Amino acid sequence: MSPVEGIEAADRARRLQRVAERLAEAVTPEEVLDAVLSEGVRAAEARAGAIGVLSADGKSVELLAQQGYDPAVMTGWASFPLDADLPMSQVVRTGAALFIPSLRERNELFPALAHQGQEGHAVVVVPLAVAGRVFGAMSLSFDDDIDFGLERREMKMTLARQAAQALARSRLLEAEQALRKRMTFLAEASDLLASSLDYNRTLRQLARLSVPGLADWCAIDILGPNGEIERLAVAHQDPEKVRWARELQERYPPDPKAPHGVAQVLRSGEPEFFSQIPPEVLDESIGDDQELRRIVDELGLRASICVPLKARGRILGALTLIAAETHPLYTQADFELATELAHRAAVAVDNARLFREAERGANAALALAYVADGVVLLDREGRVRHWNGAAAAITGVDEEDALGRPVREVVSGWDTLAALVPLVPPGSAPRPVTLPLAHAGRERWVAVTGVGFGQGTVYALQDVTEEHALEKTRSDFVATASHELRTPLAAVYGAVRTLRRGDVELSEDDRTLFLEMIESEATRLATIIDQILLTGQLDAGAVEIDATECDPAEIAASVIDSAAMHVPEDISLALDPDGSPRIVCDENKLRQVLVNLVDNAIKYSPGGGRVEIRLRRETSHCLIEVVDDGLGIPMDERNRIFEKFYRLDPQQTKGVGGSGLGLYICRELVERMNGQLTVASQPGRGSTFTVELPLRR
Ligand code: ADP
């Protein structure tokens, strides 16, 4: 090596050392590029330099930075195909450096460049590679023609190696930082989405969280139940702009048929990603509206991502991110992040909706469980789908035994019910049909309504047994009153008419007979009216019991005595006092009860016989039995005779009249005195009515 060459070599080493020092300090890709291009170009004694890298899809070379070239010329070279016949493309493709000593040779090698950048001379393009993988190239242009010797070539290669390593390291670091930022953002967004079931609010917060990190503008749209698009959130860092965007939204409501953007994504369920919005897409959306064009120009929309919010195959809405005034153009990684974010948001919305539905369903079931009316839901095939507690109580069939089974198998007589109850469409007022339903040997009266809807039928069953009984009592009362009051009245009227007739001569005995008849029929009328009044008082709880210590034998004796005054001749009366214990009761009420029972005993012994009151003492009670050997009462009627207005068939009572209130009053009075009234009977051989009252303590 000559002394000059030695000095030059030492000089090159020093320059390379300086580049290495600058590169060591550079952290971000921008700093590395700056160091390579300023220090490296100087170290290589070049006029200008540029660095290009392979694009993410591996199809082109993107120019990252340049120094020393005319910027006006370079604008056309921001990106060029990898398979182009250009020096940088060739070096990235082959990995072999190019050392071209002169412009003439460059133009010969690359005819495509023959009519551009004619001011230069020698050109060097060296590959940028790490671990044997070429990821870009660095080009250097010189002011002179240069025949590159081995050492000069070696120096450029070393420079490229240093640059490649620094650039790869900084890009890796940047990618790692970006990834971490994304993961942090996703984690934060996930926390937010999981924080509440009010998804409208969380989605609004999510939109706000996305600016400016992910976008200049973020919008979230939700698909309404009828396919309408509802803009739930618009976010921008500047609240003034958000307000403006809302006004715009009102002036230009979303067109569901729009060829791009939210409407298109909601229609197709496919995302729309423009790493750079092509002008024709904007043109298509704007149309001829000059005002809109001015607004869009002002917005400076550059890149956009619109992804559907999809869950369980259903499209719920869309998330839109837009890069405008500050955010860099979108990359594949941004698109993937937006997709993931939309996925999580959709799951959150879906969960919130499912939860709400489940809650609504549970509330409805709870309400139905406690509502007093039976509610029965049948599917189209007539199978039971819902059977609430009241339905179980009315029909006597438990929910578990009813669910899933055809209702006609669950309730006997359902077919009759279904035939009688008209089905009305939802929303119209159904008219209830009242009918009897038998269960557990009892008859329940049920008012039923039915509503038919597409997928089935709902029946509402209201237990109106009591109302029905009341109604029956009312009609019984009218029937009894009209019959039982009319008979004595007719007798009185007939007797009075006869007495007043001038044309008939009546004997004194006949007169007395008619007057006695008037008296007894008037008494019978008074008794019936008294019974009706007393029944009313009992029902109203207005009968007071004045309980004192008394002697039942004394009361029974007085009842027998007064009965003896009007008893038919073929009836004999008797009293068996047996020890006569003292009891606690209302003396007058007990007398009233016994008078009634003795009157019945006489009345229902039309063939004559013996009527006796027997007193018997038990441990804590006194039993007062009224015994007759008259008609008797059939077994299955023994409970019903105590019901209001209930009377046996006139054939069974040999036409004996009455109100049907006597035994009802007797039982009510005895029970109010803490006692019981029961009956034992043998049809045809007589009855024994037993009043059981507590002994005095
Ligand atoms: P009524 O005014 O008809 O006598 P009650 O309530 O006193 O009304 O009795 C109800 C029904 O019970 C009577 O209609 C009768 O059929 C029956 N009954 C009551 N007492 C006797 C009895 N001692 N022997 C037979 N049947 C009786």
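What counts, and at which threshold
Residues numbered from 1 in each chain as written. Predicted model: local features only at pLDDT ≥ 70, side-chain atom pairs only at ≥ 80, totals over all residues. Heavy atoms only, no water. Near = heavy atom within 4 Å. Polar contact = N/O pair within 3.5 Å; in protein donor to acceptor, adjacent residues only side chain to side chain. Areas by Shrake-Rupley, 256 points an atom, 1.4 Å probe, with all protein chains shown as cover. Helix = DSSP H or I, 4+ residues; strand = E, 2+ residues; numbered from the N terminus. Nonpolar A, V, L, I, M, F, W, Y, C, P; charged D, E, K, R; others polar. Disulfide = S-S within 2.5 Å. Core = buried A, V, L, I, M, F, W, Y, C linked by side-chain atoms within 4.5 Å. Buried < 20%, exposed > 50% of the residue type's maximum accessible area, 1.4 Å probe, protein only. Contact = heavy atoms within 4.5 Å. Pairing = 2+ DSSP bridges. Axes fitted to C-alpha atoms, helices over the stretch in contact; angles between N-to-C directions. Salt bridge = Lys/Arg side-chain N within 4 Å of Asp/Glu carboxyl O. Domains from an automatic or database assignment. Phe/Tyr/Trp six-rings, centres within 6.5 Å; stacked < 30°, edge-to-face > 60°. Lys NZ or Arg CZ within 6 Å of the ring centre and 35° of its normal. Expected span 1.5 Å × (residues − 1). Parallel < 35°, antiparallel > 145°, perpendicular 65-115°, else oblique. Left-handed = near helix turned anticlockwise from the far one by under 90°.

S.K.: Kindly report on the site of the ligand, identifying the contributing residues and their values.
M.R.: For the ligand, the set of nearby residues contains 20 residues, the closest of which are Asn600, Tyr604, Arg647, Ser659 and Leu663. The backbone of Ser659 places a nitrogen or oxygen atom 2.9 Å from an oxygen atom of the ligand. Compared with its free state, where it exposes 530 Å², the ligand has 98% of that area covered by protein. Elements represented by at least two residues in the shell around the ligand include exactly α20 (587-603), α21 (662-672) and β24 (686-694). When the residues that make up the shell around the ligand are grouped by side-chain class, the tally is nine nonpolar, eight polar and three charged.

S.K.: Describe the state of the cysteines, listing the residues and the values that go with them.
M.R.: Evaluated as defined, the whole model comprises zero disulfides. This cysteine, Cys622, is not joined by any disulfide, and Cys585 carries the nearest cysteine sulfur, 9.0 Å off. Between Cys666, a cysteine without a disulfide, and Cys585, which holds the nearest cysteine sulfur, the sulfur-to-sulfur distance is 14 Å.

S.K.: Outline the nonpolar core, listing residues and values.
M.R.: If you look at the biggest cluster of nonpolar residues, it comprises 46 residues, and the most contacted ones within it are Leu590, Leu597, Ile624, Phe689, Val691 and Leu693. Sorting elements by how many residues they give to this core places α20 first, with seven residues. If we ignore the near neighbours within four places in the chain, the residues touching Phe689 are Leu597, Ile624, Glu625, Val626, Ile633, Ile641, Phe642, Leu663, Leu677, Thr678 and Val679. Grouped together as the second largest cluster of nonpolar side chains are 38 residues, Tyr199, Leu214, Leu321 and Phe335 included.

S.K.: Can you lay out the sheet that holds strand β23 (residues 676-682) for me, pointing to particular residues and giving the numbers?
M.R.: One open sheet accounts for five strands, arranged β19-β21-β22-β24-β23; its pairing is mixed. Strands at the two margins of the open sheet, each flanked by one partner only, are β19 (571-576) and β23. Neighbour-to-neighbour, the strand axes of this sheet turn through a mean angle of 15°, independent of strand direction. With seven bridges joining them, β23 and β24 adopt antiparallel strand pairing. Its bridge partner lying in β24, Gln682 is registered against Gly686. On the sheet, α20 packs against β19, β21 (609-617), β22 (621-628), β23 and β24 and is oriented at approximately 25° with respect to β22.

S.K.: I'd love a proper account of the sheet that holds strand β2 (residues 60-67), names of residues and values included.
M.R.: The six strands lie next to each other as β3-β2-β1-β6-β5-β4, forming an open sheet whose pairing is antiparallel. The open sheet has two edge strands, β3 (79-81) and β4 (98-100), and neither has a second partner. The average undirected angle you get between the axes of adjacent strands in this sheet is 25°. With six bridges joining them, strand β1 (residues 48-54) and β2 adopt antiparallel strand pairing. Counted as the bridge partner of Ile51 is Ala65 from β2. Helix α6 (residues 150-194) rests against β1, β2, β4, β5 (123-130) and β6 (133-141) of the sheet, and its axis sits at about 45° to β5.

S.K.: Can you explain the pattern of salt bridges? Please cite residues and give values.
M.R.: Considering all chains together, one arrives at 39 salt bridges under this definition. In this structure, the salt-bridge partner of Asp463 is Arg444, at a minimum N-O distance of 2.6 Å. One end of the pair, Asp463, is in strand β17 (residues 456-463); the other, Arg444, is in strand β16 (residues 442-453), and 19 residues separate them in sequence. Among the ionic pairs, Glu587 bridges to Arg591, the shortest N-O distance being 3.6 Å. Residue Glu587 and its partner Arg591 are both found in helix α20; the two are separated by four residues, about one turn of the helix. Connected through shared salt-bridge partners, Arg610, Glu612, Arg614, Arg616, Glu618 and Glu625 make up one network.

S.K.: Pulling in residues and values, what's your account of the domain arrangement of the chain?
M.R.: By domain assignment, the chain separates into domain 1 (3-175), domain 2 (195-356), domain 3 (362-463), domain 4 (468-540) and domain 5 (548-694). Each of domain 2 and domain 5 has a C-alpha centre, and these two points are 91 Å apart.

S.K.: Report on unusual backbone geometry, specifying residues and quantitative values.
M.R.: Following Val211, the chain continues into Pro212 via a peptide bond in cis, with omega recorded as 0°. Phi at Arg312 is positive, roughly 45°, even though this residue is not glycine. With respect to the helices, strands and loops of the structure, Arg312 is situated in the loop between β10 (303-311) and β11 (314-323).

S.K.: Talk me through the packing of aromatic side chains; I want residue IDs and the actual numbers.
M.R.: Under the definition given, this model contains six aromatic pairs. A centroid spacing of 5.8 Å and a plane angle of 75° characterise the contact between Trp77 and Phe80, whose relative ring orientation is edge-to-face. As far as burial versus exposure is concerned, Trp77 and Phe80 are alike and both buried. The ring of Phe642 has Arg667 lying over it, and the distance from NZ or CZ to the ring centre is 3.7 Å.

S.K.: Which residues make up the pairing of β16, and what are the values?
M.R.: Here strand β14 (residues 423-424) runs beside β16; their pairing, made up of two bridges, is parallel. Bridging across to β16, Val424 finds its partner in Val451. Pairing of strand β15 (residues 433-439) with β16, which is carried by seven bridges, proceeds in the antiparallel orientation. Opposite Leu435, over in β16, you have Val446 as the bridge partner. Note that β16 and β17 share eight bridges and pair antiparallel. Counted as the bridge partner of Val448 is Leu461 from β17. The turn joining β16 and β17, which pair antiparallel and follow one another in sequence, is formed by two residues.

S.K.: Can you explain the environment of Leu420? Please cite residues and give values.
M.R.: Mapped onto the fold, Leu420 is located in helix α16 (residues 414-420). Among all residues touching Leu420, those that are not within four sequence positions of it are Val433 and Leu435.

S.K.: Describe helix α2 (residues 29-43), with residues and values.
M.R.: With 15 residues, α2 ought to run about 21 Å at 1.5 Å a step, and its terminal C-alpha atoms sit 20 Å apart, in line with that. For α2, a buried count of eleven out of 15 residues is recorded, marking the element as mostly surrounded by other parts of the structure. Turning to α2, its buried residues are Pro29, Val32, Leu33, Ala35, Val36, Leu37, Ser38, Glu39, Gly40, Val41 and Ala43. Positioned one or two residues after α2, Glu45 has a phi angle of 60°, which is positive.

S.K.: Report on the packing of helix α10 (residues 279-286) against helix α11 (residues 290-299), specifying residues and quantitative values.
M.R.: Pairs of packed helices are described in terms of their axes, by the angle between the two and the distance that separates them. At a minimum axis separation of 10 Å, α10 and α11 run at an interaxial angle of 140°. Regarding the angle of α10 to α11, the classification is oblique. As for how α10 packs across α11, the hand of that crossing is right-handed. For the pair α10 and α11, the contacting residues are Leu282, Asp283, Ser285 and Ile286 in the first and Leu292, Arg293 and Val296 in the second.

S.K.: Outline the environment of Val446, supporting the account with residue identities and numerical values.
M.R.: Its location among the elements puts Val446 in strand β16. Linking Val446 and Thr184, residues 262 residues apart in sequence, is a C-alpha distance of 64 Å. Each residue touching Val446, except ones within four places of it in the same chain, is listed here: Ile394, Val433, Thr434, Leu435, Leu437, Leu461, Gln462 and Val464.

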